[in-house]
Amino acid sequence: RVHFEVADACNLGPAHRGYDLVFAGNLIDRLRDPGSFLASVHQLLDERGVLVISSPYTLLEEFTPRSKWIGGFQRHGVPFTVLDGMKEILAPHFELIQEPVDVPFVIRETARKYQHSIAELTAWQRKV
């Protein structure tokens, strides 16, 4: 049995609880506050539920103010990636199930133009 929900990822109420799986496909780099979403997503899942995130990490200020970026910058003089930020934010409630996997995808922009990108897919299990 599968049930799909479409809603504002940063404004989910009590009706959005008890899921076995949450899939955030190409979502976190288009949220106004991805850190807030990641810090609260555990509330959507049952114990041992799984969070799957797929993203090319194409952060743009038109979607996410730079002050809300969770990675893609230098921290203490070293590169701090979006994956680093996700690990830091998700650590209290999740464990990474396996190493990230690259997933190529294509977006058709016009009849003659396509965009080829590579997303990084991560899977996280909620801690008990």
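The rules behind each value
- Residues numbered from 1 in each chain as written.
- Predicted model: local features only at pLDDT ≥ 70, side-chain atom pairs only at ≥ 80, totals over all residues.
- Heavy atoms only, no water.
- Pairing = 2+ DSSP bridges.
- Helix = DSSP H or I, 4+ residues; strand = E, 2+ residues; numbered from the N terminus.
- Right-handed = clockwise from strand over helix to strand, strands pointing away.
- Salt bridge = Lys/Arg side-chain N within 4 Å of Asp/Glu carboxyl O.
- Buried < 20%, exposed > 50% of the residue type's maximum accessible area, 1.4 Å probe, protein only.
- Phe/Tyr/Trp six-rings, centres within 6.5 Å; stacked < 30°, edge-to-face > 60°.
- Lys NZ or Arg CZ within 6 Å of the ring centre and 35° of its normal.

A. Molecular detail of the pairing of strand S1 (residues 19-25). Relative to strand S2 (residues 45-55), S1 runs parallel, the two sharing six bridges. Residue pairing for S2: Leu21 is matched across the bridge by Val50. You can see the chain leave S1, run along helix H1 (residues 34-40) and come back into S2, and the turn it takes is right-handed.

B. Layout of the pattern of salt bridges. For the structure shown, the criterion picks out four salt bridges. A salt bridge links Lys113 to Glu109; the shortest N-O distance between them is 2.9 Å. Classification of Lys113 as partly exposed rests on a relative accessible area of 46%.

C. The arrangement of the packing of aromatic side chains in detail. This structure, assessed with the given rule, holds one aromatic pair. Between Phe73 and Phe80, the aromatic rings sit 5.6 Å apart at their centres with planes inclined by 25 degrees, giving stacked as the arrangement. Taking NZ or CZ as reference, Arg66 lies 4.2 Å from the ring centre of Trp69, over its face. Its guanidinium or amino end placed over the ring of Phe80, Arg75 lies 4.0 Å from that ring's centre, counting from NZ or CZ.

D. Summary view of the pairing of strand S7 (residues 114-126). The pairing of S2 with S7 spans six bridges and is classified as antiparallel. Within S7, the position partnered with Leu51 by the bridge is Trp124. Relative to S7, strand S6 (residues 101-108) runs antiparallel, the two being bridged by eight bridges. Residue pairing across strands places Ile107 opposite Gln115, the latter belonging to S7. Here S6 hands over to S7 after five residues, the two strands then running antiparallel side by side.

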